[in-house]
Amino acid sequence: MKGPVLATAESRRVLEDAPSAIEIEGVSRSFGDFKALDAVSLRIRQGELFSLLGPSGCGKTTLLRIIGGLDLADDGVVRIGGVDARAIPAHKRPVNTVFQSYALFPHLNVRDNVAFGLRMKKVPEREVAARVARALELVQIGGFADRKPLQLSGGQKQRVALARALVNEPQVLLLDEPLGALDLKLRKELQVELLSLQRRLGITFVFVTHDQEEALVLSDRIAVMRAGRIEQLGPAHALYERPRNRFVGSFLGEVNLVEGTVERTAPGEFVAVTALGPLRAETRPGDPAPYGKVTLAIRPEKVRMVTDGTPGENRAQATVEAVIYIGSESHYQLRAGELRFTAYAMNARATSRELREGERVQVELPASALIVLED
Amino acid sequence: MGDPAPAARLRPARREIRFGEALTPLQGLARSALTAGPAIGWVTLFLLLPLLGIVLFSVLTRGPYGELQLPFTFGSYSRLAGFGLFGFDPQYPLIILRSVVLAAGTTAVCLLAAFPLAFFIAGLPGRAKGIALTLVVIPFWTNLLIRTYAWQILFAPDALLTRAAVAVGLAEEGMPLYPSAFAVYVGMLCAYLPFLVLPLYTAVEKIDWSIAEAASDLGADGRRVFRHAILPQVMPGMVAGMILVFVPATGQFVIPDLLGGAKTVLIGNAIQQQFGASRDWPFGSAIALVAMALVLLGLWLQTRTAGKRGEEGLL
């Protein structure tokens with residue numbers, strides 16, 4: 001395969017018809033008084049790259065460990081490939097794990113580390129050698145076969161851990177923050193490689209991360225978790241474009257919130273009175289019509305800044321309080337009355353006039369970009 | 001002109017030697033002599049010189065009254081190998097063999113006891129851990145002889161332990177549990193267990209359990225997780241502890257004497273006999289040197305095999 005495969009909107013597959021790789025039904029797990037998982041249910045499809053995303057302590061790693069058999073649920077059912085896995089011990093499950101700390105065997109060299117799983121399954125030694133060599137090539141670390149883990153860099157260890165798991169050709173590969181210990185540049189490189197690898201091999205990946213950008217880049221679907229529960233589950237873009245509540249909205253990127261009261265509703269749209277004046281918002285087909293007090297959200301990059309002064313729908317006067325220049329784009333902190341919010345604008349044109357602090361500007365919140373949150 | 005460069009201003013008038021600075025060979029030698037000198041002097045005075053003395057004694061001849069005299073001879077060594085005045089007699093090779101077997105047996109018994117104990121202690125919560133470790137070390141606070149005599153009392157015909165053994169059919173009514181091989185090993189275990197438990201515990205405490213989980217994840221059952229993921233991690237501590245038990249146990253003779261009935265001669269009492277009652281210093285020196293050589297040979301073999309596995313040896 002030539003060149004990296006990027007998860008563009010087109011390349012993200014909707015694998016709705018795919019059979020289940022993993023089914024979790026009502027799984028709970030407590031550690032003393034701490035409820036790590038609270039009746040979690042989800043279905044992971046075969047061949048998809050599924051991410052469990054959430055802050056630390058949200059239960060994502062516990063769920064991964066329960067799938068791998070390294071921890072047991074207090075309650076609930078885990079099925080792997082349609083088979084009830086509750087009574088199957090970790091060493092017999094058709095899944096393999098890439099650990100956060102890599103957990104390479106320090107006394108074995110790279111080749112023997114990768115061969116470990118095959119040797120445990122008593123695969124003939126000649127086949128072991130061939131498969132290990134192939135796995136090492138796959139993660140581009142063939143030249144390090146005789147090194148000990150101590151002689152490897154973080155990125156190299158990460159590749160070995162990946163090869164050690166993949167060589168067993170698991171039904172599902174579990175990855176527990178595999179890139180967490182690497183620096184940003186290497187992390188981005190490996191994200192692309194992981195994705196390309198997953199597309200080539202077609203193995204189901206379950207990926208645990210607390211990095212929202214990583215989850216967006218890699219995932220076919222994401223489950224956002226908080227306090228042992230799944231807050232929202234869906235394709236990456238759906239989660240970003242239509243977060244259900246404040247938590248999901250602010251965990252996946254930045255979000256501006258505007259409180260308001262619904263004044264009138266019509267099919268597909270409603271008008272709410274807010275601190276910025278009346279705002280028209282479009283609802284999606286099937287969404288219930290909102291009533292009473294609502295929280296509207298809008299992503300900073302959807303906020304438009306208009307300087308021509310013409311009045312229009314969903315427009316309000318604001319003052320530029322601060323401008324943060326970050327190269328490709330600028331972030332503007334705006335204030336309209338008591339309300340503070342943020343707008344991102346691309347610095348696309350060399351001549352684009354930059355707004356200055358203290359300048360008055362008209363902002364527009366497009367009706368199609370306003371999201372109604374549940375809380 | 002402006003001020004001279006700051007570095008030039010700050011340079012001290014007299015040159016001093018600082019850490020990390022390049023030294024002339026002479027300065028380096030002077031510093032090494034200063035720092036390592038006392039230790040080297042100590043070792044030379046109290047280990048190297050006496051050892052050389054023993055080597056010298058072992059090739060001298062015993063005089064009529066036990067004095068050391070010329071000529072140089074390897075007679076003591078051939079006698080030790082079994083070629084005495086009256087033809088071949090394996091008495092001394094057997095003594096050495098017996099001592100090695102006792103030491104190996106002691107090491108094995110200690111190992112069997114230390115493994116569960118080390119894992120048990122490592123699994124205790126913080127405070128209990130400290131108490132348990134203190135309990136392991138407490139026997140050290142008592143004199144070895146007193147501890148050993150205590151076992152004699154506990155193994156006496158009417159002692160509680162003996163009666164319990166009779167009750168479950170392990171001993172005969174009215175018979176003491178000592179002298180016996182069993183009593184000897186109990187005494188040895190009691191004396192040497194801490195030497196194995198402490199280094200092993202330190203290793204167990206440092207185990208990276210995610211490596212055990214990785215092994216399990218890759219298809220290893222409980223036994224193979226232990227063999228491939230746990231054992232390699234505790235190996236250095238385990239081997240260090242085994243050496244700490246094995247080496248002194250080869251020279252031990254007080255415990256076998258007191259609990260085994262003083263019927264057997266071991267390296268320890270053979271040496272004591274030659275330097276004491278028999279007044280045959282050359283022969284005693286030869287036994288001591290051969291015993292030391294055997295221990296060193298063992299350590300060297302261990303280091304070589306460890307080296308082949310890519311691990312660090314003890315030598």
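Rules and cut-offs
Residues numbered from 1 in each chain as written. Chains lettered and ligands numbered in written order. Predicted model: local features only at pLDDT ≥ 70, side-chain atom pairs only at ≥ 80, totals over all residues. Helix = DSSP H or I, 4+ residues; strand = E, 2+ residues; numbered from the N terminus. Buried ≥ 20, exposed ≤ 12 C-beta atoms within 10 Å, placed from the backbone. Contact = placed C-beta atoms within 7 Å. pLDDT = per-residue confidence, 0-100. Nonpolar A, V, L, I, M, F, W, Y, C, P; charged D, E, K, R; others polar. Domains from an automatic or database assignment. Pairing = 2+ DSSP bridges. Axes fitted to C-alpha atoms, helices over the stretch in contact; angles between N-to-C directions. Core = buried A, V, L, I, M, F, W, Y, C linked by C-beta atoms within 7 Å.

## As for the overall build of chain A
Line of reasoning, step 1. A tally of helices and strands in chain A yields 8 helices and 20 strands.
Line of reasoning, step 2. For the C-alpha atoms alone, the extent of chain A along its principal axes is close to 75 × 50 × 40 Å.
Line of reasoning, step 3. Counting across all 375 residues of chain A, residues that qualify as buried make up 38%.
Line of reasoning, step 4. Partitioning the intrachain contacts of chain A with sequence separation of at least 6 by distance along the chain shows that 65% fall at a separation of at least 24.

## Some thoughts on the confidence of the model for chain A
Residue and element names in this part refer to chain A.
Line of reasoning, step 1. Confidence along chain A averages 86 in pLDDT terms, with 94% of residues attaining 70 or more.
Line of reasoning, step 2. Considering each helix and strand of chain A separately, the mean pLDDT is smallest for strand S15 (residues 304–306), with a value of 84, and largest for strand S3 (residues 49–53), with 94.
Line of reasoning, step 3. For the stretch residues 1–10, pLDDT sits under 50, and the model shows 15 contacts to residues farther than four places along the chain or on other chains.

## Some points on the interface of chain A and chain B
Line of reasoning, step 1. On the side of chain B, 14 residues touch chain A, which itself brings 16 residues to the contact.
Line of reasoning, step 2. Secondary structure elements with two or more residues in the side of chain A that touches chain B: strand S6 (95–98) and helix H2 (110–120) of chain A.
Line of reasoning, step 3. At 3 residues, H2 of chain A tops the list of elements feeding residues into the side of chain A that touches chain B.
Line of reasoning, step 4. Here the residues of the side of chain A that touches chain B sort into 7 nonpolar, 8 polar and 1 charged.

## Here's the deal with the domain arrangement of chain A
All names here are of chain A.
Line of reasoning, step 1. Taken as a whole, chain A is organised into domain 1 (20–246) and domain 2 (254–373).
Line of reasoning, step 2. Placing the centre of domain 1 and that of domain 2 at their C-alpha centroids yields a distance of 39 Å.
Line of reasoning, step 3. Domain 1 puts 4 residues into the contact, and the matching count from domain 2 is 4 residues.

## What to know about the sheet that holds S15 of chain A
All names here are of chain A.
Line of reasoning, step 1. The antiparallel open sheet is built from 5 strands, whose spatial order is S15-S19-S16-S17-S18. Each edge of the open sheet is held by one strand with a lone partner, namely S15 and strand S18 (339–346). For this sheet, the mean inter-axis angle between neighbouring strands, taken without regard to orientation, is 45°.
Line of reasoning, step 2. The sheet contact formed by strand S16 (residues 315–325) and strand S19 (residues 360–364) spans 5 bridges and is antiparallel. Within S19, the residue paired with Ala316 across the bridge is Val363.

## Thoughts on the sheet that holds strand S5 (residues 83–84) of chain A
Residue and element names in this part refer to chain A.
Line of reasoning, step 1. One open sheet holds the 4 strands; their spatial order is S2-S1-S4-S5, and the pairing between them is antiparallel. The sheet terminates laterally at strand S2 (34–45) and S5, the two strands that pair on one side only.
Line of reasoning, step 2. Relative to S2, strand S1 (residues 20–31) runs antiparallel, the two sharing 8 bridges. By the bridge assignment, Ser30 is partnered in S2 with Lys35.

## Side note on the environment of Val258 of chain A
Residues and elements named next belong to chain A.
Line of reasoning, step 1. Structurally, the position occupied by Val258 is in strand S11 (residues 256–266).
Line of reasoning, step 2. Between the C-alpha atoms of Val258 and Glu313, which are 55 residues apart in sequence, the distance is 16 Å.
Line of reasoning, step 3. In contact with Val258, other than residues within four places in its own chain, are Thr274, Ala275, Leu276, Leu296 and Leu339.

## Here's the deal with the nonpolar core
Line of reasoning, step 1. If you look at the biggest cluster of nonpolar residues, it comprises 80 residues, and the most contacted ones within it are Ile67, Val114, Ala163, Leu173, Val206 and Val224 of chain A.
Line of reasoning, step 2. With 6 residues, helix H4 (residues 154–166) of chain A is the largest single contributor of residues to this core.
Line of reasoning, step 3. Ignoring any residue separated from it by four or fewer positions in sequence, one finds Val206 of chain A in contact with Ile22, Ile44, Phe50, Leu52, Leu64, Ile67, Val172, Leu174 and Leu175 of chain A.
Line of reasoning, step 4. Listed in part, the 49 residues of the second largest apolar core include Ala103, Phe195, Ala203 and Phe283 of chain B.

## A word on unusual backbone geometry
Residues and elements named next belong to chain A.
Line of reasoning, step 1. Positive phi values are uncommon outside glycine, yet Glu177 reaches one of about 40°.
Line of reasoning, step 2. Along the chain, Glu177 turns up in the loop between strand S7 (172–176) and helix H5 (184–201).
Line of reasoning, step 3. The exposure class of Glu177 is buried, given the 20 C-beta atoms found within 10 Å.
Line of reasoning, step 4. Of note, the phi angle at Asn314 is positive, near 55°, even though the residue is not glycine.

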